[in-house]
Amino acid sequence: LNVIKAQYVASAVRPDQYPPEELPEIAFIGRSNVGKSSLINSLCRHHGLARVSASPGKTQTINYYVVTAKLPNERRLEWYLVDLPGYGYARAGQTQRRQWTRFVEEYFLRSPRLKLVCQLVDLRHPPQASDVAMYGWLKTHNLPVQVVATKTDKIGRTHVARHLAAIKNGLKLETGGIIAYSALNGQGRDDLLDVIGQILLK
Ligand code: GDP
């Protein structure tokens, strides 16, 4: 899958604000500061598409981007890349947390064209309680999840396998592998685009 265009279309906090076009959706979620904006920019090769935040925990809207991609046979595919607000922000208050849970769960349950949730975790650390809870919630609701470990370039090559195993254990990953990604050098980008391409063609 080759991304040829990516464009911001809408932000939403309620279902009536979701964009009207009927396109398949691939959503991205993770703890704030996990590297989600950087990964989205790297995946779309579009610097500045998603804002890389100096102050984590700020994005509290669901952001939709239309991505146009080309298959090896030249066929074009259009899909929504859906950037969900980060969770686990230490300084968020009760009200903010409750609001986050309400509208993110609402998104998951009211998006019939959602094909895949890419859940991002930081490769450097074992998954945190909020990561485990998120993964469990997605699985309970039968949503397909691809776990992506971010900031791979920060871990020495010889340690990557051990860190991936710790994440797999921590999340109690049921099936499928974890993609190790680096927004800095593009490692894992082709693998993630392959997974997305396969899901979109199903
Ligand atoms: P978000 O809050 O999840 O959207 O995270 P950001 O994309 O804003 O990234 C948080 C911080 O991690 C920023 O300082 C990024 O430059 C850094 N970062 C993100 N991805 C990578 C990566 O793959 N490698 C390295 N070395 N740094 C990264």
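The coordinates are above.
The structure presented is a predicted model; accordingly, all values stated were derived computationally and were not measured.

A. Region of interest: the overall build of the chain. Assigned secondary structure in the chain consists of 5 helices and 7 strands. In the chain, the succession of helices and strands from N to C terminus is β-β-α-β-β-α-β-α-β-α-β-α. Over its C-alpha trace the chain gives a radius of gyration of 16 Å, about what one expects of a compact globule, namely 17 Å for 202 residues. Looking at the 202 residues of the chain, the share that counts as buried comes to 34%. Summarising the internal contacts of the chain: among those between residues at least 6 apart in sequence, 74% fall at separations of at least 24.

B. Focus on the pairing of strand 4 (residues 76–83). One ladder, built from 4 bridges, connects strand 2 (residues 25–30) with strand 4; its direction is parallel. Paired with E25 across the strands is Y80, a residue of strand 4. Between strand 3 (residues 62–70) and strand 4, which pair antiparallel and follow one another directly, the connecting turn spans 5 residues, one of which, E74, has a positive phi of 80°.

C. Spotlight on the sheet that holds strand 6 (residues 145–150). Taken in spatial order, the 7 strands line up as 1-3-4-2-5-6-7 in an open sheet, and their pairing is mixed. At either margin of the open sheet sits one strand with a lone partner, and together these are strand 1 (2–12) and strand 7 (178–180). Direction aside, neighbouring strands of the sheet carry axes that sit 25° apart on average. For strand 3 and strand 4, the ladder comprises 8 bridges, and the chain directions are antiparallel. Its bridge partner lying in strand 4, Y65 is registered against L81.

D. Inspection of the site of the ligand at higher detail. Inspection of the region around the ligand gives 19 residues, with G35, K36, S37, S38 and A183 positioned closest. With 3 residues, the single largest contributor to the shell around the ligand is helix 1 (residues 36–44).

E. Representation of the pairing of strand 5 (residues 114–122) within the structure. Taking burial as the measure, the 9 residues of strand 5 include 7 buried ones, the bulk of the element. Sheet analysis places strand 5 next to strand 6, joined by 6 bridges and oriented parallel. Paired with Q119 across the strands is V147, a residue of strand 6. Traced from strand 5 through helix 3 (residues 129–140) to strand 6, the parallel crossover comes out right-handed.

F. Inspection of unusual backbone geometry at higher detail. Despite not being glycine, K151 shows a phi value in the positive range, around 60°. Relative to the elements of secondary structure, K151 occurs in the loop between strand 6 and helix 4 (160–171). You will see that K172, though not glycine, has its phi angle at about 55°, which is positive. Looking at K172, the number of C-beta atoms within 10 Å reads 11, which means it is exposed.

G. Local environment of the nonpolar core. Of all hydrophobic cores here, the largest spans 44 residues; its most connected members are V82 and A149. Setting aside residues no more than four positions away along its own chain, A149 makes contact with V121, L123, L164, I167, I178, A180 and Y181.

About the thresholds
- Residues numbered from 1 in each chain as written.
- Predicted model: local features only at pLDDT ≥ 70, side-chain atom pairs only at ≥ 80, totals over all residues.
- Helix = DSSP H or I, 4+ residues; strand = E, 2+ residues; numbered from the N terminus.
- Rg over C-alpha atoms; globule rule 2.2 N^0.38 Å.
- Buried ≥ 20, exposed ≤ 12 C-beta atoms within 10 Å, placed from the backbone.
- Contact = placed C-beta atoms within 7 Å.
- Pairing = 2+ DSSP bridges.
- Axes fitted to C-alpha atoms, helices over the stretch in contact; angles between N-to-C directions.
- Near = placed C-beta within 6 Å.
- Right-handed = clockwise from strand over helix to strand, strands pointing away.
- Core = buried A, V, L, I, M, F, W, Y, C linked by C-beta atoms within 7 Å.

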